[in-house]
Number of protein chains: 2
Amino acid sequence: MIKLHGFWRSLASYRVRAALRLKGLEFEEIEVDLLKGAQFTPEFDAVNPQHAVPVLEIDGLHLVQSLPIIEYLEERFPATALLPADAAGRARVRALAQIAASDVHPLIVPRVRNYLGNPLGLSEEAKVAFIQHWFKLGSDALEARLARDTETGSFAHGEAPGLADVVLTSHVLGARIFKTDLSAAPRLGALADRCLAQPAFDPGGMKQML
Amino acid sequence: MIKLHGFWRSLASYRVRAALRLKGLEFEEIEVDLLKGAQFTPEFDAVNPQHAVPVLEIDGLHLVQSLPIIEYLEERFPATALLPADAAGRARVRALAQIAASDVHPLIVPRVRNYLGNPLGLSEEAKVAFIQHWFKLGSDALEARLARDTETGSFAHGEAPGLADVVLTSHVLGARIFKTDLSAAPRLGALADRCLAQPAFDPGGMKQML
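Everything numeric here is computed off the predicted structure, so don't read it as measured data.

J.: Just checking my understanding: could you explain the sheet that holds strand β2 (residues 27-31) of chain A for this structure?
T.: Across a sheet, strands are paired by hydrogen bonds formed along the backbone, either parallel or antiparallel in direction. Residues and elements named next belong to chain A. Here we have four strands laid out as an open sheet, ordered β2-β1-β3-β4, and mixed in their pairing. Edge positions in the open sheet fall to β2 and β4 (61-64), since each of these has one partner strand only. Going from strand to strand, the sheet's axes swing by 25° on average, the running direction of each strand aside. Pairing analysis gives five bridges linking strand β1 (residues 2-6) to β2, with the strands arranged parallel. Residue pairing in the sheet places Leu4 in a bridge with Glu29 of β2.

Here's what the structure looks like:
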């Protein structure tokens, strides 16, 4: 049985969970309560020395980092493809995913918010402004891409949800949780709403924060 | 002819340049002077609405984001493979790359340093401490992986340089430019030095900053 070490409010765990569900794969989720510091126990250090979720236990491996995990699932279980069949399409989808997962998400995770508080001494208001700033910048970049590229369909790349949709929906969920103004990114918001209407994209415990 | 829109001190451009060289591909580099704001001209907006380098012009496409660009090169030009042949190995190499490219690099780029100065009003000293903090945290995570994984060889994954080495060397270059204490990551430093001894990894103009 595939095991996902994740947490309900981790956007990166959400991506892997949605990808597993889109592929129809059975899995068991093991909660790593980041709010209680469960990622810093010796048990979890043995699972991932970076003390981060998600970790996917599969085929005797402990895979880390959400995008490489999804690429692995795509290679092992090609049915219900999450990446396009052509190299140019794959490059586009991976780039959309990176704009959200690399250019924005690392700036808004708990360890960065903690650092902004201590040692930097930022107020809650300044912390939220910091988070909203990067969500907005990334959303504008994604919106420009979605508006400009002819490959954009009902979903990020054509008419079925895939890797980019999983990551873009995690981005929109995060942006909404932090009350970011996404009015300049209507395509991105509509795309996330189309995804969120599907069971695979169920945001679980994050619903109460939206 | 392949064209790389890049900049001499962009760590992400460096990754693509090193990958092109490792694969022995001819390319022309077009400098986008980030210090002069060349990324914000209407001409460059047409190339990349995210106003970031690198952009790779190839096969009539404008590819963005360093890791998806390198994945594209790997698919189009499989000779001198930069990713392992097995799915588990590819997942490991991609994860090592993401630890550096996603968990660290987005925190230290000019747009974040600028935000720390204005509106946050941080001193130069606090900015440098911020940058060093994330470089050190990422280096410790990479060191733990390299030390623990049996796949580690003279390079990040076995005995030839690949995607992970390209990204880890860009990480070490950045860490050294900002005078980060990497004494707790000796394997990572030695790996970067082995790479830097090869012509493909020439740091060009960054040499003067080391």
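J.: What's the story with the nonpolar core in this structure? I'm lost.
T.: As a rule of thumb, soluble globular proteins bury nonpolar side chains together. Leu168 of chain A together with Leu168 of chain B are the most contacted members of the largest nonpolar core, which totals 123 residues. Setting aside residues no more than four positions away along its own chain, Leu168 of chain A makes contact with Leu96, Ala100, Leu142, Ala156, Leu188, Leu191 and Ala192 of chain A.

J.: Whenever I open this one, the domain arrangement of chain A confuses me. Can you help?
T.: Interfaces are often sized by the amount of accessible area the parts lose when they come together. Residue and element names in this part refer to chain A. On domain assignment, one finds that chain A holds domain 1 (2-76) and domain 2 (87-209). Only α1 (11-22) and α3 (66-76) provide two or more residues apiece to the side of domain 1 that touches domain 2. A class-by-class count of the residues in the side of domain 1 that touches domain 2 yields nine nonpolar, one polar and three charged.

J.: Can you help me understand helix α7 (residues 124-148) of chain A in this one?
T.: The α-helix winds at 3.6 residues per turn, so residues separated by three or four positions along the chain end up facing the same way. Between its terminal C-alpha atoms α7 of chain A stretches 36 Å, which fits the 36 Å expected from 25 residues at 1.5 Å a residue. On its buried side, α7 of chain A packs onto α4 (87-101), α5 (105-108), α6 (110-117), α8 (163-177) and α9 (186-196) of chain A.

J.: Would you take a moment to explain the environment of Leu146 of chain B for this structure?
T.: Residue and element names in this part refer to chain B. If you trace the backbone, Leu146 turns up in helix α7 (residues 124-148). Along the backbone, Leu146 and His157 are eleven residues apart, and their C-alpha atoms lie at a distance of 8.8 Å. The contact partners of Leu146, leaving out residues within four places of it in the chain, are Thr152, Ala156, Arg187, Leu188 and Leu191.

J.: I would appreciate a short explanation of the packing of α1 of chain A against α8 of chain A in the present structure.
T.: Each pair of packed helices can be described by the angle between their axes along with the distance between the axes. Residue and element names in this part refer to chain A. Interhelical geometry of α1 versus α8 gives an angle of 140° and a closest axis separation of 9 Å. In terms of orientation, α1 lies oblique with respect to α8. The way α1 lies across α8 gives a crossing that is right-handed. On α8, the residues that touch Leu11, Tyr14, Arg15, Ala18 and Ala19 of α1 are Val166, Val167, Ser170, Leu173 and Gly174. Split by residue class, the contact of α1 with α8 holds seven nonpolar, two polar and one charged.

How each quantity is defined
Residues numbered from 1 in each chain as written. Chains lettered and ligands numbered in written order. Predicted model: local features only at pLDDT ≥ 70, side-chain atom pairs only at ≥ 80, totals over all residues. Pairing = 2+ DSSP bridges. Helix = DSSP H or I, 4+ residues; strand = E, 2+ residues; numbered from the N terminus. Axes fitted to C-alpha atoms, helices over the stretch in contact; angles between N-to-C directions. Core = buried A, V, L, I, M, F, W, Y, C linked by C-beta atoms within 7 Å. Buried ≥ 20, exposed ≤ 12 C-beta atoms within 10 Å, placed from the backbone. Contact = placed C-beta atoms within 7 Å. Domains from an automatic or database assignment. Nonpolar A, V, L, I, M, F, W, Y, C, P; charged D, E, K, R; others polar. Expected span 1.5 Å × (residues − 1). Parallel < 35°, antiparallel > 145°, perpendicular 65-115°, else oblique. Left-handed = near helix turned anticlockwise from the far one by under 90°.

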